[in-house]
Amino acid sequence: MADDTETQPAPASTTGRAGALTVRAVLAAVIVGALAIGAGLYFTGAFEPKNEEKAPRLAAAGTTLARSKPGTCLTWDKDPTTMAPVDCLQPHKFEVAGEPARSLPENAPYPTQSVIAAQRDQLCPPVVTEYLGTRLDPKGRFQMGLLAPGEKAWASGDRTMRCGIQVSDGAGNPLEVQGKVVNQDKSLTWPPGTCIGLDARGQFSGPVGCAQPHGIEVTAVIDMRQAFPDASWPTDRQQEEYLSRICPSRTTGWFGSQDGLRKSGLQLAWNKLSQPSWTAGSRSVICFLASSKDGNTFTPITGSAKSPDLLIDGKKPVMPTLPGAPAPAPAPGR
């Protein structure tokens, strides 16, 4: 890799993929049952990422990048110039889909992050689609990426680029994955107990510690293949009927008590898979807890739903009263 070390990686953008998740919520039917009391929030667009992740700049001509064919998996440490190919079963940060149809001209100035992003969005979709045999799920876990030369390599006339597939964290940093993309569930999910933060604009900022203000807390990941094993897409109604049964049950198991959800004062919700997402290979959804006063925005939550320190919009949760239950007795002295 000696021929890579002269290239300095360009500064990467700070806009993360998870930070671009749009918050658009619609208050749906009330879920009332033995296990769950609360309002179900059907977030129609809560999992729609914009493709704004970082694109590492690497030396290319005569190096690892230039020799990378479709299907090559690449990895690097904190310094992208250490890039090397690895077996795709091993942890890696980028899976090469192919070379874009064209590159920037030789007399072009060194590209900014916005130029690289525009090149990726314009040139990489057909390359990635041909490589996978289908389009990437626009709401899924994986994103298109574009690897381009570093500044010194660019100055020497290097214009090598590679389109590929990667996963990024909330800050836009490439994450390690294992296995070829084609063999994996493409869904965007997080493990139970994960809290997803909100920024000042009401957009998801990615996983955060639950002691920090956040918008949702995941209670379960549901593999929809258990209920819909064939290849055909289950309709919204079919998904809703299934999830309205399994999410309360799985959330009760997560709390470890029958009335954990009711005591939390939070609302149980889930996302569903669109037909394009299903066709692209996404098969999992999440059940999660949230709070909304108007059905359109998230109310900030601090602390896990399991924690005695849970606050909803800075206040202790108010436990809903079960239908038909007597009103709570007044406090002594009142």
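Procedures and definitions
Per chain, the residues get numbers from 1 upward, laid out in the order the sequence is written. Thresholds applied to this predicted model are a pLDDT of at least 70 for local features of residues and 80 or more for the giving and counting of side-chain atom pairs; totals over whole chains, interfaces and linings are not thresholded and use all residues. Think of the side-chain values as coming from all heavy atoms in the structure, minus any hydrogens and water. Runs of E in the DSSP output that reach at least two residues are strands. Runs of H or I that reach at least four are helices, and both are numbered from the N terminus. Partly exposed describes any residue whose relative accessible area lies between the buried limit of under 20% and the exposed limit of over 50%, with all areas from a 1.4 Å probe on protein chains only and scaled to the type maximum. The contact rule is simple, with two residues in contact once any of their heavy atoms fall within 4.5 Å. Each accessible area value is a Shrake-Rupley result obtained with a 1.4 Å probe; residue values ignore everything except the protein chains displayed when judging cover. The predictor attaches a confidence to each residue, called pLDDT, with possible values from 0 through 100. Buried residues of nine kinds, namely Ala, Val, Leu, Ile, Met, Phe, Trp, Tyr and Cys, make up a nonpolar core once their side-chain atoms join them within 4.5 Å. What makes a salt bridge here is a side-chain nitrogen of Lys or Arg within 4 Å of a carboxyl oxygen of Asp or Glu, nothing more. Cavity: a set of points on a 1 Å grid over the protein atoms alone where a 1.4 Å probe fits but cannot get out. Pocket: an open set with protein on both sides within 12 Å along at least five of seven lines, its lining residues, like those of a cavity, having an atom within 4 Å of a point. Grid points are joined across faces, edges and corners, and a volume is the space filled by probe spheres set on the points. Residues are grouped as follows: Ala, Val, Leu, Ile, Met, Phe, Trp, Tyr, Cys and Pro are nonpolar; Asp, Glu, Lys and Arg are charged; all remaining types, including Gly, are polar. Two cysteine sulfurs form what is called a disulfide whenever their separation falls within 2.5 Å. Between any two strands, at least two bridges found by DSSP are needed for them to pair. Contacts described as polar in this section are N or O atom pairs within 3.5 Å, which, within protein, must combine one atom able to donate a hydrogen with one able to accept it, while residues neighboring in sequence count only if both atoms come from side chains. Stacked, tilted and edge-to-face are the three classes assigned to paired rings of Phe, Tyr and Trp, where Trp is represented by its six-membered ring and a pair needs centres within 6.5 Å; plane angles under 30 degrees give stacked, over 60 edge-to-face, the rest tilted. For a lysine, the NZ atom is tested; for an arginine, the CZ atom; a charge sits over a ring if that atom is within 6 Å of the ring centre and within 35 degrees of the ring normal.

(A) Highlighting the overall build of the chain. For the chain, the helix and strand inventory stands at six helices and 15 strands. Per-residue burial over the chain gives 50% buried out of 334 residues. Of the contacts made within the chain by residues no fewer than 6 positions apart, 68% connect residues no fewer than 24 positions apart. With the model as given, the accessible surface of the chain reaches about 15,700 Å², and the carbon-plus-sulfur share is 54%.

(B) Just the confidence of the model for the chain, in detail. Residues with a pLDDT of 70 or more make up 76% of the chain, whose mean pLDDT is 77. This stretch, residues 1–53, has a pLDDT under 50; its non-local contacts, to residues over four places away or in other chains, come to 172 contacts. Here residues 322–334 is modelled with pLDDT under 50, and outside its nearest four sequence neighbours on either side it reaches four contacts, counting other chains as well.

(C) Structural view of the environment of glycine 150. Mapping glycine 150 onto the fold places it in the loop between strand E6 (143–147) and helix H3 (151–155). Sequence-wise, glycine 150 and threonine 81 are 69 residues apart; in three dimensions their C-alpha atoms are separated by 8.9 Å.

(D) Quick look at the nonpolar core. Core analysis: the biggest nonpolar cluster contains 23 residues, and Ile222, Met224, Tyr242, Leu243, Leu266 and Leu289 have the highest contact counts within it. Going through the elements one at a time, strand E11 (216–223), helix H4 (236–255), strand E12 (267–270) and strand E13 (284–290) are the ones with two or more residues in this core. If you tally residues by element for this core, the top one is H4, at six residues. With near-sequence residues (within four places) excluded, leucine 243 lies in contact with Ile222, Met224, Pro248, Trp270, Asn271, Lys272 and Val285. Counting 20 residues, the second-largest nonpolar core is a separate cluster that includes Ala97, Val127, Leu132 and Ala148.

(E) Summary view of the pattern of salt bridges. What the rule picks out here adds up to seven salt bridges. Aspartate 259 serves as the salt-bridge partner of lysine 263, at 3.4 Å between the closest nitrogen and oxygen.

(F) A look at empty space enclosed by the protein. According to the stated counting rule, one finds one cavity of 30 Å³ or more in the structure shown. Approximately 30 Å³ is the volume attributed to the largest cavity. Taken together, His92, Lys93, Phe94, Glu95, Phe142, Ile165, Gln166, Val177 and Val181 form the lining of the largest cavity. Those elements giving two or more residues to the lining of the largest cavity turn out to be strand E5 (94–98) and strand E7 (162–168). Here the lining of the largest cavity is composed, by residue class, of five nonpolar, two polar and two charged.

(G) Up close: the state of the cysteines. Scanning all chains against the criterion turns up four disulfides. Note that cysteine 124 is cross-linked by a disulfide to cysteine 163, the S-S spacing being 2.1 Å. The sign of the -80° torsion about the S-S bond sets the cysteine 124-cysteine 163 disulfide as left-handed. Here cysteine 163 lies in strand E7 and cysteine 124 lies in helix H2 (residues 113–132), a separation of 39 residues in the sequence. Note on accessibility: cysteine 124 and cysteine 163 belong to one class, buried. Note that cysteine 195 is cross-linked by a disulfide to cysteine 210, the S-S spacing being 2.0 Å. On the sign convention where negative is left-handed, the bridge of cysteine 195 and cysteine 210, at about 100° about the S-S bond, is right-handed. Here cysteine 210 lies in the loop between strand E10 (204–208) and E11 and cysteine 195 lies in strand E9 (residues 195–198), a separation of 15 residues in the sequence. Overall, cysteine 195 belongs to the buried group, its relative accessible area being 1%. Judged by relative accessible area, which is 15%, cysteine 210 ranks as buried.

(H) Highlighting the pairing of E10. When E9 meets E10, the two strands line up antiparallel, connected through four bridges. Considered in E10, the bridge of glycine 197 is made with glycine 206.

(I) Highlighting the side chain of serine 187. One can find serine 187 in the loop between strand E8 (174–175) and E9. Looking at serine 187, the relative accessible area reads 7%, which means it is buried. Polar side-chain contacts of serine 187 include one of 2.6 Å to the side chain of aspartate 185. Those residues in contact with serine 187 that sit more than four places away from it in its chain are Gly140, Arg141, Ser282, Arg283 and Ser284.

(J) Focus on the packing of aromatic side chains. All chains considered together, the criterion is met by four aromatic pairs. On the numbers, 5.9 Å between centres and 80° between planes, the contact of phenylalanine 228 with tyrosine 242 is edge-to-face. In this pair, phenylalanine 228 is assigned in the loop between E11 and H4 and tyrosine 242 in helix H4, connecting sequence segments 14 residues apart. Taking relative accessible area as the criterion, phenylalanine 228 reaches 15% and is therefore assigned buried. Seen from their ring centres, tryptophan 254 and phenylalanine 255 are 5.0 Å apart, and the 75° between their planes marks the pair as edge-to-face. For the residue pair tryptophan 254 and phenylalanine 255, the accessibility class agrees, reading buried in each case. Directly above the ring of tryptophan 278 sits arginine 283, whose terminal nitrogen or CZ lies 3.9 Å from the centroid.

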